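Here's the letter readout for the chains.
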Amino acid sequence: NLNRIEFVITSACTGRCRHCSQGGHNNPENLDCKSAVDAVYKIASEYKIKSVMTFGGEPLLCHETVCEIHKAARDMNIPKRQLITNGYFSKDFEKIRSAAQSLAHCGVNEILLSVDAFHQETIPLEYVTAFAKSVIETDINIKVHPAWLVSSDDDNPYNRTTKDILEIFN
């Protein structure tokens, strides 16, 4: 019944979000690129894999590893190739634009962008919006992926802030 592969690229992150399940983000170790790519080829040759997802920490701190995994997934005709990111991996706008283009080139076809009251406590929105605009210029489907307190319908200060932030991405 194996049909999905997920990779935690790194636990390193640019944010220090209170709700994060990845811990303190102080571990400097990253996923070994060659082992991950080999795993995609081996698993996809033995199972009908429908989806590959990369996430972290902030996976785009290891942009090359993300791209190599998604190239392998594309090569193996895995239809859904997703990335979860907070969109903040650089303050260099040219690097941000270039990263979005290379993600499209390597085969990422959906990005789930973590934006909400919790992420934006420590992550500057200007770089996240620059990344989102750069992704929109490619053929990658991009969706906001907020964390809600209780539920999206609950009226509380965090959700109100999240809704204000999401308006920026409309």
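Each remark here, short or long, concerns the structure printed above.
These numbers were taken from a predicted model, which means no experiment stands behind them. (Residues numbered from 1 in each chain as written. Predicted model: local features only at pLDDT ≥ 70, side-chain atom pairs only at ≥ 80, totals over all residues. Heavy atoms only, no water.)

## Focus: the state of the cysteines
Part 1: A full pass over the atoms with the stated rule returns 0 disulfides.
Part 2: Not engaged in a disulfide, the cysteine Cys33 finds its nearest cysteine sulfur in Cys67; these two sulfurs lie 9.5 Å apart.
Part 3: Using a relative accessible area of 23% as the deciding quantity, one classes Cys33 as partly exposed.
Part 4: Here Cys62 is not disulfide-linked; the sulfur of Cys33 is the nearest cysteine sulfur, at 9.5 Å. (Disulfide = S-S within 2.5 Å. Buried < 20%, exposed > 50% of the residue type's maximum accessible area, 1.4 Å probe, protein only.)

## Observations regarding the environment of Lys50
Part 1: Among the secondary structure elements, Lys50 is positioned in the loop between α1 (33–46) and β2 (51–55).
Part 2: Judged by its relative accessible area of 48%, Lys50 is partly exposed.
Part 3: Apart from the residues within four sequence positions on either side, Lys50 is in contact with Asn3, Ile78, Pro79 and Lys80. (Helix = DSSP H or I, 4+ residues; strand = E, 2+ residues; numbered from the N terminus. Contact = heavy atoms within 4.5 Å.)

## A few points about the side chain of His70
Part 1: On the secondary structure map, His70 appears in helix α2 (residues 63–75).
Part 2: Excluding anything up to four places from it in sequence, His70 contacts Val52, Thr54, Arg81, Gln82, Cys106 and Val108.

## A short note on the pairing of strand β4 (residues 110–113)
Part 1: Side chains Glu110 and Leu112 project from β4 onto one buried face, and the interleaved Ile111 and Leu113 project onto a second face that is buried too.
Part 2: Sheet analysis places strand β3 (residues 80–85) next to β4, joined by 4 bridges and oriented parallel. Across the sheet, residue Ile84 finds its bridge partner in β4, namely Leu112.
Part 3: For the segment spanning β3, helix α3 (residues 93–106) and β4, crossover handedness is right-handed.
Part 4: When β4 meets strand β5 (residues 141–144), the two strands line up parallel, connected through 4 bridges. When the bridges of β5 are listed, Glu110 appears paired with Asn141.
Part 5: Each parallel crossover has a hand, and the one from β4 via helix α4 (residues 125–136) to β5 is right-handed. (Pairing = 2+ DSSP bridges. Right-handed = clockwise from strand over helix to strand, strands pointing away.)

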